[in-house]
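Results of the structural survey
Here is what each chain is made of, one letter per residue.
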Amino acid sequence: MTGIATARLGTNGPEVSVQGLGCMGMSWAYGPTDADEARATLERALELGITFYDTADAYAAGENEKFLAPFLRKHRDDVVLATKFALGADPKDPFKRTINNDPDHIRASVDASLRRLELDVIDVYYMHRRDVAVPIEQTVGVMAELVRAGKVRHLGLSEVTGAELRAAHAVHPIAAGQSVVPVAAELGIALVPYSPLGRGFLTGSFTSADKELGSDDFRRRQPRFTGDNAAANAALLEPVRAVAAAHGASLGQIALAWVQQQAQVHGLTVVPIPGTRRRTRVEENAAATELTLSAEELALLEPIASKVAGDRYADMAFTSAGRE
Ligand SMILES: NC(=O)c1ccc[n+]([C@@H]2O[C@H](COP(=O)([O-])OP(=O)(O)OC[C@H]3O[C@@H](n4cnc5c(N)ncnc54)[C@H](OP(=O)(O)O)[C@@H]3O)[C@@H](O)[C@H]2O)c1
């Protein structure tokens, strides 16, 4: 491979590889991790030309940010680091989430993230989730203060509605959104789709979280991966298999190529951030940036999303759904 193409996040944001690396699974959510292999995966990703790394203060209660610190120290000028604030965990149950958009919490969160990451400045700082009791203008106002203070370079939002994205962008330019397509396209905001491999489901590596994954795996809590929903959703992968066979590619590569090509379909920058802890998989995923699906193949895959059975989260109040 000859390196990965780059794209700008937002109108004034950083230039990043068109595929980033999700780092959450290196510390949390998907079962036991081999830390040495995860570290080697970070290095391999950078060698392949991946320059955009995604974490959050909520991933293993800050441990994921700490895990990234040595890598960032070594390669500071070559990587764009994104982290997030607002999500906390119930001390009795790490998978039970809390949301906090209080201004003082945001100010404390950025300082804590900078300390754990051992950085002077965060390249992209996202609001991870919105507390609907706090006006989005107020939250983005506090985030803009952090830009002025030199603690953060660019802003992003995750799980917001189109109207919220528009209101936020009027307060301060937003470089990236981890959801929301039409308004992002209109405002020149990049889409950074999270979990672009459907948390592994789209690769075919598991078909039923409750039967195949460990008791501490977050996916057992997600309705679309369990019980009858999982069986129904596994059947939806048939067209993905057909397209993969035609390209001599893996299912995951087709999923990544599909989401990447939504850039042309919707007229916006798209930078998926697949997560992996393994070198061979980061190589496989990065190679998907060179796959092009035909119009017929895109049309074959298009109906799948609308047929998915079951919610993304057990508690959809933690997403933008229902506020649209
Ligand atoms: N904004 C938000 O609310 C939000 C929510 C969730 C995630 N995120 C971000 O998005 C990133 C990516 O999402 P994600 O990790 O949840 O899900 P994902 O990227 O859709 O899938 C990750 C899962 O797929 C497996 N996998 C990766 N490459 C594979 C391959 N080529 N073949 C087979 N299996 C493969 C990984 O296992 P291995 O690690 O063992 O390879 C892992 O279990 C996260 O790391 C995080 O930074 C953001």
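You'll find the structure just up there.
Parameters at a glance
Residues numbered from 1 in each chain as written. Predicted model: local features only at pLDDT ≥ 70, side-chain atom pairs only at ≥ 80, totals over all residues. Heavy atoms only, no water. Core = buried A, V, L, I, M, F, W, Y, C linked by side-chain atoms within 4.5 Å. Buried < 20%, exposed > 50% of the residue type's maximum accessible area, 1.4 Å probe, protein only. Contact = heavy atoms within 4.5 Å. Helix = DSSP H or I, 4+ residues; strand = E, 2+ residues; numbered from the N terminus. Polar contact = N/O pair within 3.5 Å; in protein donor to acceptor, adjacent residues only side chain to side chain. Near = heavy atom within 4 Å. Areas by Shrake-Rupley, 256 points an atom, 1.4 Å probe, with all protein chains shown as cover. Nonpolar A, V, L, I, M, F, W, Y, C, P; charged D, E, K, R; others polar. Expected span 1.5 Å × (residues − 1).

A separate point is the nonpolar core. The biggest cluster of nonpolar side chains holds 51 residues, and the ones touching the most others in it are Leu-21, Leu-42, Tyr-53, Leu-157 and Leu-165. Setting aside anything within four residues of it in sequence, one finds Leu-165 in contact with Leu-157, Val-160, Ile-174, Val-180, Val-183, Ala-184, Leu-187 and Ile-189. Membership of the second largest hydrophobic core comes to 25 residues, among which are Ala-60, Tyr-126, Ala-190 and Phe-218.

Bringing unusual backbone geometry into the picture now. With a phi angle near 110 degrees, Ala-86 is a residue other than glycine that sits in the positive phi range. Inspection of the secondary structure assignment puts Ala-86 in the loop between β5 (80–85) and β6 (87–90). At Ser-195, a residue that is not glycine, the phi angle is positive and equals roughly 45 degrees. The topology assignment puts Ser-195 in the loop between β11 (190–191) and α7 (209–212). Judged by relative accessible area, Ser-195 falls into the partly exposed class, the value being 26%.

When you line up the elements, Arg-199 lands in the loop between β11 and α7. Engagement of the side chain of Arg-199 in a polar contact is seen with the side chain of Tyr-30, the distance being 2.9 Å.

A word on the site of the ligand. Surrounding the ligand, one finds 30 residues, the nearest of these being Tyr-30, Asp-54, Gln-178, Leu-197 and Thr-276. Between the ligand and Cys-23 there is a distance of 3.3 Å, counted from an oxygen atom to a backbone nitrogen or oxygen. Compared with its free state, where it exposes 900 Å², the ligand has 97% of that area covered by protein. Its residues placed into classes, the shell around the ligand shows 10 nonpolar, 11 polar and 9 charged.

What follows is about helix α3 (residues 103–117). An ideal rise of 1.5 Å per residue puts 21 Å on 15 residues; α3 measures up with 21 Å between its terminal C-alpha atoms. Buried within α3 are the following residues: Pro-103, Ile-106, Ser-109, Val-110, Ala-112, Ser-113, Leu-114 and Leu-117. In this structure, the buried residues of α3 make contact with α2 (63–75), β5, β8 (122–127), α4 (136–148) and β9 (152–157). Just downstream of α3, Glu-118 is the residue with a positive phi angle, here 60 degrees.

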